[in-house]
Amino acid sequence: MKIRENMHVLLLKGGFGSEREVSLNSAKACSKAIKENGFIVTEVDVAKMNVNNLISLKADVCFNALHGNSGENGSIQGLLNLLKIPYTHSGVAASAISMNKIYFKRLVLNTTESTDDPIIFPKTLQINEGKKLSIKNYKGLYVLKPKSGGSSVGVKIVKGQNTIPLKNEFKWKDLMAEEFVGSMELTVTVLRDKPLCVTEIKAAQNEEFYNYKAKYERNGSIHEIPAKIPRPTYEQAMSWALRAHKILGCKGISRSDFRYDKINNQLYMLEINTQPGMTETSLSPEQALFCNISLSEMVKIIIEEASYEC
C-alpha cells in the first residue's frame, strides 16, 4: 500500500493461548518502530477486542503482531478481509496452510518433487493410537510436535521405542512425528520476496534443541550470523526459503527453519513461519540488521506490503 504521513496504524496484539506473551513483546517493539516512522498507532488486544470498536477506529492499515492460532491460522486475516482493512503479513490461505505443518509439508513436497532441486523434509513417522503414544516401526530419535502452533510449544525429542502418556492438551490426532535429523539448526528470513541471510541457532544451557526457553529467554541461544556452512548449502537454504514463501503465496515477511546434516551434507526444511517474532531476541530483526535494515525500516517495508484479499 502507499505510505503517507500520519497514517493511522491499528496494532493487533496479545490474543489467547500459549504465545500471548510473545505477541505482547513483539507488539511492544513494533509499536516503537511504527512511531519512529511518524505513524499514529492504536494498540488493541485481541482478547479484549470488540469488532464494532475496531471499525470505529477507522485505521488506514492493520499491523498484525499476533502469534499462535488466533493470529496465524487465517482467522484474523478473514475478519480483516471482510472489514476491508489492509493488513500486514500473509493472507488467509498462506496463513492456514503454514500453520498446519502437515499441509505445508505436503504442498511443498508435491510442488517441488519433480524439479531440479526438490525441497527435502525429515521423514514423517506413523503414530500408534492409544492412551500412550508410540511410533510404528522406528527405533531412532524422533521429534514429536503439534501439527499446528509455533514457538516450539509442545515439542519433544523422544527415543523411538519409548512410549509417553498424552497430556490433556494434546490428542494423538493433534500431533505429528518426524525423524530427528541433522546437527545444525538454521533459519532464513524472506522480506519482500528477498531472502536475507542464513543464521545458525545454537541452544545454550545444554538445551536439546531450539525450544521455547532457548528462543525467548535472554542468553537462551547463540546466533551465528552468517552461518558457517558450505556455500552451496547456504545458497540452497536461501533458495528453499524463497521458494516456500512463493509456493504458499506469503506476503511481506516469512521465516523458514531448517536442519543441516553435516556428515551427509543434506539440508532439510522443517517449517515456515508467516508471523516471525519481533522481540529483542527474535531472529528476523537480527537478520534484517545484518543486511543493514533497521527494525523501523523493516516494519515500514512490512506495512508497505499490506493489503486485503476481497
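Calculation rules
- For every chain, the first residue of its written sequence is number 1, and the numbers climb from 1 along that sequence.
- Side-chain atom pairs in this predicted model are given and counted only at pLDDT of 80 or more, local residue features only at pLDDT of at least 70, and totals for whole chains, interfaces and linings cover all residues.
- As a rule here, side-chain values cover all heavy atoms of the structure and leave hydrogens and water aside.
- Whenever Lys or Arg places a side-chain nitrogen within 4 Å of a carboxyl oxygen from Asp or Glu, that contact is recorded as a salt bridge.
- Helix numbering and strand numbering both begin at the N terminus, where a helix is a DSSP run of H or I of at least 4 residues and a strand a DSSP run of E of at least 2.
- Working definition: with a 1.4 Å probe on protein chains only, accessible area under 20% of the residue-type maximum means buried, over 50% means exposed, and in between means partly exposed.
- What makes a nonpolar core is a set of buried Ala, Val, Leu, Ile, Met, Phe, Trp, Tyr and Cys residues whose side-chain atoms join them at distances within 4.5 Å.
- Between two residues, a contact is recorded if the distance between any of their heavy atoms is within 4.5 Å.
- In this analysis an axis means a line fitted to C-alpha atoms, helices contributing only their contacting stretch, and an angle means the value between N-to-C directions, from 0 to 180 degrees.
- Here is the rule for angles: anything less than 35 degrees is roughly parallel, anything more than 145 is roughly antiparallel, 65 through 115 is roughly perpendicular, and the remaining ranges are oblique.
- In this classification, Asp, Glu, Lys and Arg are treated as charged, Ala, Val, Leu, Ile, Met, Phe, Trp, Tyr, Cys and Pro as nonpolar, and every other residue, Gly included, as polar.
- To estimate how far a helix should extend, the number of its residues minus one is multiplied by 1.5 Å.
- This arc corresponds to the set of directions leading from the helix axis out to the C-beta atoms.
- N or O atoms closer than or at 3.5 Å make up a polar contact, with two conditions inside protein: a donor-capable atom paired with an acceptor-capable one, and, for residues adjacent in sequence, both atoms drawn from side chains.
- Aromatic rings from Phe, Tyr and Trp, taking only the six-membered ring of Trp, are treated as a pair when their centres fall within 6.5 Å; an angle between ring planes under 30 degrees marks them as stacked, one over 60 as edge-to-face, and anything in between as tilted.
- For a Lys NZ or an Arg CZ to count as sitting over a ring, it must be within 6 Å of the ring centre and within 35 degrees of the ring normal.
- For two strands to be treated as a pair, DSSP must find no fewer than two bridges joining them.

**Looking at the pattern of salt bridges**
- Scanning the entire structure with this criterion turns up 15 salt bridges.
- Close ionic contact of D117 with R243 constitutes a salt bridge, the shortest N to O distance being 3.7 Å. One end of the pair, D117, is in the loop between α6 (101–112) and β4 (124–125); the other, R243, is in helix α8 (residues 231–248), and 126 residues separate them in sequence.
- One salt bridge in this structure joins E185 and R259, with 3.1 Å as the shortest N-O distance. You can see E185 sitting in strand β11 (residues 184–191) and its partner R259 sitting in strand β14 (residues 253–261), a full 74 residues away along the chain.
- For E185, a relative accessible area of 13% corresponds to the buried category.
- Residue class for R259 comes out buried when judged on its relative accessible area of 10%.
- The network of salt bridges with shared partners includes K105, K145, E178 and E271.

**Some thoughts on the nonpolar core**
- In this structure, I34, F63, L186, V198, F258 and I303 are the most contacted members of the largest nonpolar core, which totals 51 residues.
- With eight residues, the top contributor of residues to this core is α8.
- What I34 contacts, discounting residues up to four positions off in sequence, is V9, L11, F39, V41, F63, V299 and I303.
- Core analysis: the second largest hydrophobic core is formed by 12 residues, V46, A59, C62 and I85 among them.

**So, the packing of helix α5 (residues 92–99) against α6**
- Packing of α5 against α6 brings their axes to within 5 Å, and their N-to-C directions diverge by 105°. Considered as vectors, α5 and α6 are oriented roughly perpendicular to each other. Residues I97, S98 and M99 of α5 lie in contact with α6, whose contacting residues are K101, Y103, F104 and L107.
- Looking at side-chain class alone, the contact of α5 with α6 contains five nonpolar, one polar and one charged residues.

**Things to note about the environment of F63**
- Tracing the backbone through its elements, the reader meets F63 in strand β3 (residues 61–64).
- Residue classification places F63 among the buried positions, given a relative accessible area of 1%.
- Put simply, F63 and C30 are 33 residues apart on the chain and 8.6 Å apart in space, counted from C-alpha to C-alpha.
- Not counting residues up to four positions away in its chain, the partners in contact with F63 are V9, L10, L11, L12, C30, I34, T88, H89, V299, I302 and I303.

**Focus on α6**
- Taking 1.5 Å of rise per residue, the 12 residues of α6 would be expected to cover 16 Å, and the 16 Å separating its terminal C-alpha atoms lies within 8% of that figure.
- What α6 keeps buried is the set K101, I102, F104, K105, V108 and T112. With its buried residues spanning 165° around the axis, α6 presents them on a single face.
- Against the buried residues of α6 lie α5, β4, β7 (141–146), β10 (175–179), α8 and β15 (266–273).
- The N-capping residue of α6, defined by a side-chain oxygen 3.1 Å from the backbone nitrogen of I102, is N100.

**What about the packing of aromatic side chains?**
- Under the criterion given, the structure shown has two aromatic pairs.
- Note on F104 and F121: the rings are 5.8 Å apart at their centroids and 80° apart in plane angle, and the pair reads as edge-to-face. In this pair, F104 is assigned in helix α6 and F121 in the loop between α6 and β4, connecting sequence segments 17 residues apart.
- For F121, a relative accessible area of 7% gives the class buried.
- Note on W240 and F258: the rings are 6.5 Å apart at their centroids and 40° apart in plane angle, and the pair reads as tilted. In this pair, W240 is assigned in helix α8 and F258 in strand β14, connecting sequence segments 18 residues apart.
- Positioned above the aromatic ring of Y234, the side-chain terminus of R231 is 4.5 Å from the ring centre.
- The ring of Y87 is capped by K251, whose NZ or CZ atom sits 4.2 Å from the centre of that ring.

**What about the sheet that holds strand β2 (residues 40–45)?**
- Here three strands make up an open sheet; going across it, the order is β2-β1-β3 and the pairing parallel. Every interior strand has two partners, whereas the edge strands, β2 and β3, have only one. Pairwise comparison of adjacent strand axes, ignoring direction, gives a mean angle of 25° for this sheet.

**Brief notes about unusual backbone geometry**
- Of note, the amide linkage connecting I225 to P226 takes the cis form, showing an omega dihedral of 0°.
- With respect to the helices, strands and loops of the structure, P226 is situated in the loop between β13 (221–224) and α8.
- Although it is not a glycine, D193 adopts a positive phi angle of roughly 60°.
- Of note, D193 is situated in the loop between β11 and β12 (194–203).

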